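Listed here are the chains, written in short residue letters.
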Amino acid sequence: MPRQEGQKVKILTLLKLFERKTDENHRLSVPELIDALDAAGVPAERKSIYADIAALQSAGYDIEQQKGRGGGYFLANRTFELAELKLLVDAVQSSRFITQKKSNKLIKKLESLASQYQASALQRQVFVSGRVKNENESAYYSVDALYQAIAADKMVSFQYQKWQVDGKKHSSRNGAVYQVSPWALAWENDNYYLIAYQDYAEPANIRHYRVDRMTNVCITEKPRAGKDLYTDFDLAAYIKKHFNMYGSANEQKVTLRCTNSMAGTMIDRFGTDVMLIAEDDGEHFHFTVPVAISPQFLGWVCGLSPYVSVTAPESVRSQMLELAQSLVESYQ
């Protein structure tokens, strides 16, 4: 091997040793570095090690030396701190959208950003009650394809799947291929949702689709449509209105009456822009918000009873009454 090429291999191998085998609690002396290089099939002399360390330091690598007993050289700072890597691992592990197989691969890649000693601290599992991981391996790549389509101003085609009583997913609309104009991706309830303009069904409007239920996502050559409609589209307001992103075209302004203890819950759900109006009794408040009326919304209000109730409009109150009556009948 030519001398110059050997030097490149040596300094790259040395860098990998610092990245994987050293941290602030684990250091390598020059003799140990020479032995590790020799074990990797890269011979080195003591004098050249000092020159290589200096070259790495000049290149921006924070290699420090601790003198004295047990001292040596180590990589002091990395792209990610250990606490940051732990946070990322927890996020990947707890994400319902990412499959278990893909989670394991991502965590392995995150481990490579730490020393081998720190990597063991990343082998932990976050417990999330009732968490069921996504099984659609292609969803990981569907997200990337959708972002590419948005950037390229192109429509996308896909098939949509839903769970059936046999415990398997089946294509909806008899396997029909959807073609929509993607405008945004939203993260809600631990899932990605595609916000898109559609005109395959009446009325043509903005709809949302769960990305993990989309298969065979393809970028078409057709330019996106619905720009005028999306220009005035308020994505944040849309997400607030659609409980658990359950589709509903029945949007109404609803007035909710709540006990004061529910203020935090309402702000978490509807945001800080809602006007909470205190009532004269000092124990309640009410406010009015636009909501897409759906079984999910009605169930949400029902679950907060007796602390929350619908006071208007009468049509929604009637739906709440029907729901309450059906619950009574179900448990008689």
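Nothing here was measured: the structure is a model prediction, and the numbers come from that model. (Residues numbered from 1 in each chain as written. Predicted model: local features only at pLDDT ≥ 70, side-chain atom pairs only at ≥ 80, totals over all residues. Heavy atoms only, no water.)

Here we come to a nonpolar patch on the surface. A cluster of nonpolar side chains, F80, L88 and L113, forms an exposed patch at the surface whose accessible area comes to about 210 Å². Classification of F80 as partly exposed rests on a relative accessible area of 31%. (Patch = residues over 30% accessible without salt bridge, like charges linked within 9 Å, V, L, I, M, F, W, Y side chains within 5 Å. Areas by Shrake-Rupley, 256 points an atom, 1.4 Å probe, with all protein chains shown as cover. Salt bridge = Lys/Arg side-chain N within 4 Å of Asp/Glu carboxyl O. Buried < 20%, exposed > 50% of the residue type's maximum accessible area, 1.4 Å probe, protein only.)

Here the focus is the pattern of salt bridges. Tallying each qualifying case throughout the model produces 7 salt bridges. With a shortest N-O distance of 3.8 Å, K108 and E111 are connected by a salt bridge. Of the two residues, K108 and E111 both sit in helix α5 (residues 100-111), 3 residues apart, roughly one turn of that helix. Among the residues examined, K108 registers a relative accessible area of 53% and is labelled exposed. Its salt-bridge partner being D212, residue R210 comes within 2.7 Å of it at the nearest N-O pair. No difference in accessibility class separates R210 from D212, as the two residues are buried. Ionic contacts of the salt-bridge type, sharing partners, join the residues R257, E279 and D281 into one network. (Helix = DSSP H or I, 4+ residues; strand = E, 2+ residues; numbered from the N terminus.)

On to the side chain of Q198, then. Within the fold, Q198 resides in strand β6 (residues 191-198). Within the structure, Q198 has its side chain in polar contact with the backbone oxygen of P203 (distance 3.0 Å). (Polar contact = N/O pair within 3.5 Å; in protein donor to acceptor, adjacent residues only side chain to side chain.)

What the 4 strands build is an open sheet, ordered β10-β11-β9-β12; its pairing is antiparallel. If you trace the sheet from one side to the other, it starts and ends with β10 (277-278) and β12 (308-312), each paired once. As paired elements, strand β9 (residues 251-259) and β12 share 4 bridges and run antiparallel to each other. Note that in β12 the partner of T255 across the bridge is A312. This element, helix α12 (residues 314-330), spans β9 and β12 of the sheet and lies at about 140 degrees to β12. (Pairing = 2+ DSSP bridges. Contact = heavy atoms within 4.5 Å. Axes fitted to C-alpha atoms, helices over the stretch in contact; angles between N-to-C directions.)

A rise of 1.5 Å per residue sets the reference length of helix α4 (residues 82-94), with its 13 residues, at 18 Å; its end C-alpha atoms lie 18 Å apart and thus fit the reference within 8%. Where α4 is buried, its residues meet α5. (Expected span 1.5 Å × (residues − 1).)

Let us now look at the nonpolar core. Formed by 27 residues in total, the largest nonpolar core has its most connected members in L146, F158, V180, L194, Y209, V211 and M214. Residue assignment for this core shows that the elements contributing at least two residues are α4, α5, α7 (139-152), β3 (154-163), β5 (178-188), β6 and β8 (214-223). Looking at which element gives the most residues to this core, the answer is α7, with 5 residues. Core analysis: the second largest hydrophobic core is formed by 20 residues, M262, M266, F287 and L304 among them. (Core = buried A, V, L, I, M, F, W, Y, C linked by side-chain atoms within 4.5 Å.)

Under the counting rule described, the total for this entry stands at 18 aromatic pairs. Where Y178 meets Y200, the ring centres are 5.1 Å apart and the plane angle is 90 degrees; that geometry is what we call edge-to-face. With a gap of 22 residues between them, Y178 in strand β5 and Y200 in the loop between β6 and β7 (205-210) connect regions that are remote in the sequence. Their ring planes at 15 degrees and their centres at 5.2 Å tell us that W183 and Y230 sit as a pair that is stacked. Of this pair, W183 sits in strand β5 while Y230 is found in helix α8 (residues 227-231), placing the two residues 47 residues apart along the sequence. (Phe/Tyr/Trp six-rings, centres within 6.5 Å; stacked < 30°, edge-to-face > 60°.)

As far as function goes, none of this settles anything; it's purely spatial.
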